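# Coordinate analysis (summary)
Listed here are the chains, written in short residue letters.
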Amino acid sequence: MPARRGPPSRRPRRAASRGGRAEAAWREFAASFARAGMVPPAEAGLAAVEAAEGAAVLLLAPRQALTFTGKCRLHCLYGAVRLLGFAVASHQPGLPVFSPSTHCALTLEALPADRPPAADLRQLRAAARAAMRAHSVRRQARVKVMAQFSPECAVVLLEHLDTPVTRFLLSHPPLSRLFEPQKKEESSFTPEDAVLASVGLVQCSPDRGLLVSESMCLALEELIQACCAEDEGVPLILVCGPKNTGKSTFNRYLVNLLLNRLPSVEYMECDIGQTEFTPPGCVSLSNITEPILGPPFTHQQTPRKMVYYGQTSCEQDTERYLDVVKYVFSSYKKEVPLVVNTMGWVKGEGLLLLIDIIRLLSPSHIVQMDVYDWKAMAPLTPEHVHLTPGLYTKGRQPARRQPLGTSSTESWKPSEAGADASAPEYKLLYVHPEFPRAGVAGEARVHSGVLRDMSILGYLGQLQSPDVGAVLPLHSLVPYQVPFSAVALRVIHTDVAPTNIMYAVNASWVGLCRIPDEIRCQSDGPVLLTQTPVCDCLGFGIVRGVEMQKKLYHILTPVPPEKLRLVNCLLLGNIAVPNCILVGQQGVEGEIPYVTSDYNYSILGSGKLKKKKHFKRREYAFECDYT
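Residues numbered from 1 in each chain as written. Predicted model: local features only at pLDDT ≥ 70, side-chain atom pairs only at ≥ 80, totals over all residues. Heavy atoms only, no water.

So, about the overall build of the protein. Per the secondary structure count, the protein includes 15 helices and 23 strands. Considering the protein as a whole, with its 627 residues, one finds that 48% of them fall into the buried category. Excluding contacts between residues fewer than 6 apart, the proportion of contacts in the protein whose partners are at least 24 apart in sequence is 77%. Of the roughly 32,800 Å² of accessible surface on the protein, a fraction of 53% belongs to carbon and sulfur atoms. (Helix = DSSP H or I, 4+ residues; strand = E, 2+ residues; numbered from the N terminus. Buried < 20%, exposed > 50% of the residue type's maximum accessible area, 1.4 Å probe, protein only. Contact = heavy atoms within 4.5 Å. Areas by Shrake-Rupley, 256 points an atom, 1.4 Å probe, with all protein chains shown as cover.)

In structure tokens:
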């Protein structure tokens, strides 16, 4: 018997040695590209093994990072990892992760493991092996991972992710390669890269990830300390700065760091052009309990309070914008920290409006993001805000030096012109972004209009079935029928004659709102409002048809029926249905509804736009052409 056991034991060793030589040859082949300068050298210790079909196990050494493009569901099986500031431990459920090419690539970093004092290596290995068994990791994969296991490493399970929202976005040709890198990096030469690709991830250079500057680290550290200190009240953090300085990314990172220590964080969106949790054109207040691991189109949700302003800029009606901000802010209960995002309009009247918002919200901390030269806006010190008049508020005049003999009390009496301006008390934190082209107008990675369309598509993706299958075109879904007499109607951004109101409403994006007044219909026609109300918005929809004979609106919306019963007002703003929805209507024979090529350019105002050649053409890293 012992003589028979000898030969089988030698054969596996020879097979293993052959496999080792083959793997070494693969690594040498990939390293040759790195030496030639074609591929950035991979970090040592990265191990990715196919766990099952559409799943992979990733082993990371302490402080080792993986920067990637793509989407997946992430489970931490052993140790802990950090993703955009959020720490993921082994006891937490799987998290959806989205890293499209339109945004800064996400970086997964292994955190140093806290080994229990009494635990030995055998117990830790058993815990890691049991976690992989619980997630149905193949035995061969477990053996490969445990061969490189160390107590300080992190073991992560990455699974292929397919959601109704991403299926809907990817079904449109302009966005079909949304989760693929725009610039091909010839890095798919190692077995690890092939395993990641089977999940839907592409490893990219660390330079494409988030570049955290020293000033950003210092500001985040102070804000976290202030939010966790229970004896200083609840902080209100206002983030401001010019366009393309990383305000949204900073806010996501800050919220994720706070969620490591707090059960929830409040988020108030005042940037109506680039909203985080709603379609564009809204001022909203949201309660955040889950980490933000993707761009806005991946986490559209219903806020606690929302008002549909109806435009992506408030320059035409700043007074109504301030009324909307005040109305939404009144719902904040001051029980958890609040992060306020503001617009990138910080020049001229935009800066004066920002000063008004600071006086209205009375923040405890202001994070001002700008490049070092401060050309876009002056530092918003408490003294500057105290003395500078806003667009609708007055600044306090500096006290004049009184002649000798007057009391010190009289010398500090406030002037009548500044009687309505109280001295602000807040901590000003400067953050200087250091990513390429920071603060340069027109040098953003993606055009703002494309990002707004993606948010609308992400919202409409909620209409898709959760079951994996073919994407249903919007024109194939059954809309709600709403009588003319049940809702009032208002066009926000312009004046429309009552005889043409239905032409404007048909095939339009509308806010589904609730006004306190009772709707009274005195005629067979639609109920029209004469003024734009500041009211709650419960969601959005597309008026996909108007039936004049039966006096019905046909509205397509993901808002549940129990909330639709509260809707009694439709607000039509300057936010349009994305062109790719209208142009890409599949299965339609003949002319596409709402799309025409027979157009009369002799009509006044219908001519083609003339290009202004003296303006610099904007160039974006992500190309998207809806036409």
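We are not done yet, so read on.
Here we take up the environment of isoleucine 501. Tracing the backbone through its elements, the reader meets isoleucine 501 in helix α13 (residues 501–505). For the pair formed by isoleucine 501 and arginine 490, sequence separation is 11 residues and the distance between their alpha carbons is 9.2 Å. The residues contacting isoleucine 501, other than those within four sequence positions of it, are Leu489, Val491, Val496, Pro526 and Leu528.

For the rest of this paragraph, the subject is the sheet that holds strand β12 (residues 282–288). Read from one edge to the other, the open sheet built from 7 strands follows the order β13-β12-β11-β14-β10-β15-β16, with strand pairing classed as mixed. The outermost strands of the open sheet, each flanked by one partner alone, are β13 (305–308) and β16 (427–431). On average, adjacent strands in this sheet sit at an angle of 15° to one another, irrespective of strand direction. Here strand β10 (residues 236–240) runs beside strand β14 (residues 338–341); their pairing, made up of 4 bridges, is parallel. From the neighbouring strand, isoleucine 237 faces β14, where its bridge partner is valine 339. Against the sheet, helix α6 (residues 214–228) touches β10, β15 (365–369) and β16, its axis set at about 150° to β16. Against the sheet, helix α8 (residues 318–329) makes contact with β10, β11 (265–269), β12, β13 and β14, and its axis sits at roughly 20° relative to β12, the strand it touches most. (Pairing = 2+ DSSP bridges. Axes fitted to C-alpha atoms, helices over the stretch in contact; angles between N-to-C directions.)

Our next topic: the pattern of salt bridges. For the coordinates displayed, the defined rule picks out 10 salt bridges. A salt bridge links glutamate 266 to arginine 304, with the shortest nitrogen-to-oxygen separation between them at 2.6 Å. Of this pair, glutamate 266 sits in strand β11 while arginine 304 sits in the loop between β12 and β13, placing them 38 residues apart in sequence. Overall, glutamate 266 belongs to the buried group, its relative accessible area being 3%. Its relative accessible area of 42% is what places arginine 304 among the partly exposed residues. Salt-bridge contacts for glutamate 547 lead to lysine 550; the nearest nitrogen and oxygen are separated by 3.9 Å. Given the relative accessible area of 25%, glutamate 547 is considered partly exposed. (Salt bridge = Lys/Arg side-chain N within 4 Å of Asp/Glu carboxyl O.)

Scored by pLDDT, the protein has a mean of 83; 79% of the residues are at 70 or more. Every residue in residues 1–20 scores below 50 in pLDDT, and together they form 0 contacts with partners more than four places removed in sequence or on other chains. Contacts of residues 401–421 to residues separated by more than four positions or lying in other chains number 16 contacts, the stretch itself having pLDDT below 50. (pLDDT = per-residue confidence, 0-100.)

Let us now look at unusual backbone geometry. You will see that leucine 84, though not glycine, has its phi angle at about 50°, which is positive. Mapped onto the elements of the fold, leucine 84 is located in the loop between β4 (80–83) and β5 (86–89). Assessed through its relative accessible area of 14%, leucine 84 is described here as buried. The phi angle at asparagine 244 is positive, at roughly 60°, despite the residue not being glycine. Mapped onto the elements, asparagine 244 comes out in the loop between β10 and α7 (247–259).

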